[in-house]
Every structure is written in C-alpha cells, then in structure tokens.
Amino acid sequence: MLVGERISDRRVLKLIRQWLRAGVMEDGTLRETLAGTPQGGVISPLLANIYLHLLDRLWAKKCGSLGVLIRYADDFVVLATTELKAKEALWQVQFVMNKLGLVLHPEKTRMVDLRRGKGSFVFLGCTIRKKRSIQRKPGQYFVHRWPSPKAMKRVRERVHELTDARHSGKDVRQIIAALNPVLRGWGNYFRTGNAERKFNQLDRYVYRRLVQWMNRRGGQRRQRMEKWSHDRFVGMGLYQLRGTVKYPAQATPVRSSLSRVRENRTHGLKGDLRNGLA
C-alpha cells in the first residue's frame with residue numbers, strides 16, 4: 001500500500017482500509033465495493049492523490065522531457081509539443097498505470113491536436129480549445145476555455161429545480177436567495193476563462209425561468225412578461241454572471257512572497273504551456 005510508505009500510524013491505515021471496504025449507498029441500497037475507490041465518495045480524491053503520486057514522481061524523474069503532466073485527483077492531461085512526444089507520453093502513462101494495476105478509461109483517453117484550433121478536449125468541466133484573438137494577434141492562436149456542455153446542462157438543471165412548480169408558494173425573494181449561491185459558486189469556478197458568452201446564456205436562462213415562475217404563480221399571461229424585466233430581478237438581489245469574468249492575472253491578487261526565493265507572481269496562471277498536443 002503506497003500510503004504505508006509515508007504513514008506508520010496503524011489507526012490511520014486501518015481507517016483507510018475501512019473506507020475502501022465501506023461500500024456505496026445507491027437508491028437506498030448498499031452495494032459492496034469489490035475494488036478501487038467508491039465513485040463520488042468524499043475520500044476518493046484523497047485516495048486517488050495517494051495512489052497516483054507515484055505517477056507524479058516517475059513523470060518528474062524520467063518523462064519531463066516529453067511534456068507537462070497536469071493532474072487533479074484521477075483526472076490528468078499531458079501537454080506535449082509534438083505528436084511524437086505525445087504518443088510516447090501516452091505509452092509511458094499506460095506503462096505506469098499497468099504497474100499500479102490501473103486501466104485508463106478507453107472513452108476518456110485520447111490524443112487531441114490543438115494546433116490552429118483543430119481539436120478540443122474537456123478537462124475539469126472546461127472545454128479547452130485554441131482560437132484566434134482579433135484584439136491581440138489575429139494571426140496567432142491562443143488557448144481558450146469555457147464551461148463544457150455538461151457543465152452548462154448541470155447548472156441549468158439545478159436552476160430548473162429551484163424554479164419549478166413545487167416552489168410556487170414561496171416569495172420571489174426566497175427563490176432568488178436559493179439561486180444566488182448556485183450562480184455565485186458556479187460563476188466563481190468558471191470566471192477565470194473565456195466564459196462571457198456562456199455566462200450571458202445562463203443569465204438569460206435564469207431570467208426566463210424566473211418569469212415563468214412568476215407567471216405560473218400569479219396565473220399571468222405571457223403578454224405581461226415585460227413587467228418582470230431582468231433589471232427588476234437584479235434589483236431584488238439576483239446575482240448576475242454578466243461582467244464577472246476575469247482573466248487569471250485579474251482574478252488572483254498579487255501576494256507577497258513568503259519564501260526566500262523571488263516569486264514570479266504568476267503561479268502557473270499565465271498559461272504559458274499552451275502549445276502542442278494534449
């Protein structure tokens with residue numbers, strides 16, 4: 001067990017074993033966990049980090065020349081500058097996974113050519129694609145990211161749930177109070193990218209749902225929609241996503257360095273590793 005290399009406390013090791021054998025509750029039924037970590041379990045990201053830390057170490061030691069490995073729990077991408085390096089990187093990752101007794105997901109594992117906007121991929125809920133920037137340098141492609149279709153679908157479903165007929169007996173300010181944490185949290189996650197268009201789409205969707213809720217609640221006809229303007233809902237406290245997008249340098253305030261090493265003040269947020277394949 002890899003965690004045993006770092007931790008000697010038997011109580012901690014026993015607790016982790018119990019987590020792995022605890023099973024999963026699905027629709028009121030306990031399902032036994034035969035292998036691996038429970039999907040969606042609160043401890044699964046921690047266990048994934050423990051187990052895949054070996055991949056991080058081996059990559060830094062032997063495969064750094066092939067590309068940059070970016071990993072969050074069990075989701076990771078490798079950015080390489082050439083197709084040949086990308087193929088070699090994929091082979092090396094598969095080799096390490098076999099050593100760990102793991103298998104790469106066949107549908108989620110693929111090579112993508114990002115050059116000149118040819119392809120795209122989804123990572124951590126974001127669609128990653130290169131696009132030309134008319135304002136910066138029209139002849140060059142830059143990495144853009146925005147909420148993926150799945151992320152948009154999930155937040156729309158949550159908004160729909162909070163504005164459906166079951167809540168008709170509430171006051172509109174209560175509905176807005178329930179929507180705001182969802183919109184603010186979702187927006188804070190995606191705001192450091194190129195999400196302005198998606199944010200505007202979601203603002204319009206929230207407005208339509210609120211108008212439909214008001215009309216359903218009061219038995220009003222569609223002709224009276226103009227009575228409930230978007231600005232009126234905002235005046236009642238509705239959080240709007242429009243205007244909240246910030247690029248990484250703006251979203252993260254500059255911190256004074258706490259170490260003796262001079263800080264470059266970017267923390268990897270500038271997106272310098274933007275060329276090549278993923």
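About the criteria used
Residues numbered from 1 in each chain as written. Predicted model: local features only at pLDDT ≥ 70, side-chain atom pairs only at ≥ 80, totals over all residues. Heavy atoms only, no water. Axes fitted to C-alpha atoms, helices over the stretch in contact; angles between N-to-C directions. Helix = DSSP H or I, 4+ residues; strand = E, 2+ residues; numbered from the N terminus. Parallel < 35°, antiparallel > 145°, perpendicular 65-115°, else oblique. Contact = heavy atoms within 4.5 Å. Nonpolar A, V, L, I, M, F, W, Y, C, P; charged D, E, K, R; others polar. Phe/Tyr/Trp six-rings, centres within 6.5 Å; stacked < 30°, edge-to-face > 60°. Buried < 20%, exposed > 50% of the residue type's maximum accessible area, 1.4 Å probe, protein only. Expected span 1.5 Å × (residues − 1). Arc of directions from axis to C-beta. Salt bridge = Lys/Arg side-chain N within 4 Å of Asp/Glu carboxyl O.

(A) Here's a closer look at the packing of helix 4 (residues 149-162) against helix 5 (residues 172-190). With their axes 10 Å apart at the nearest point, helix 4 and helix 5 run at an angle of 170° to one another. If you check the angle between helix 4 and helix 5, you find them roughly antiparallel. When helix 4 is examined against helix 5, the residues Ala151, Met152, Val155, Arg158, Val159 and Leu162 are found in contact with a partner set consisting of Ile175, Ala178, Leu179, Val182, Leu183, Trp186 and Phe190. Split into classes, the residues belonging to the contact of helix 4 with helix 5 amount to 12 nonpolar, no polar and one charged.

(B) The arrangement of the packing of aromatic side chains in detail. Considering all chains together, one arrives at seven aromatic pairs under this definition. With 4.9 Å between their ring centres and 50° between their planes, tryptophan 186 and phenylalanine 190 make a pair best called tilted. Taken together, the residues span about one helical turn, with tryptophan 186 and phenylalanine 190 both in helix 5 at a distance of four residues. Residue tryptophan 186 is classed as buried on the basis of its relative accessible area of 12%. Relative accessible area serves as the criterion here: at 7%, phenylalanine 190 is assigned to the buried category.

(C) A look at the environment of lysine 62. Within the secondary structure, lysine 62 is located in helix 2 (residues 44-63). Lysine 62 sits 30 residues away from glutamine 92 along the chain, and the two C-alpha atoms are 9.7 Å apart.

(D) Representation of helix 4 in the model. Relative to the 20 Å expected for 14 residues at 1.5 Å per residue, helix 4 spans 20 Å between its end C-alpha atoms, a close match to the ideal helical length. Listed in full, the buried residues belonging to helix 4 are Ala151, Met152, Val155, Val159 and Leu162. Taken around the axis of helix 4, the buried residues stretch over an arc of 100°, which confines them to a single face. Of the residues in helix 4, the exposed ones pointing more than 90 degrees away from the buried face are Pro149, Lys150 and Arg154.

(E) Fine view of the pattern of salt bridges. Inspection of the entire model under this criterion finds seven salt bridges. Between aspartate 9 and arginine 11 there is a salt bridge, and its shortest N-O distance comes to 3.2 Å. What makes aspartate 9 partly exposed here is its relative accessible area of 28%. Each of Asp113, Arg115 and Lys118 takes part in one network of salt bridges that share partners.

Just geometry here; none of it tells us what the structure is for.
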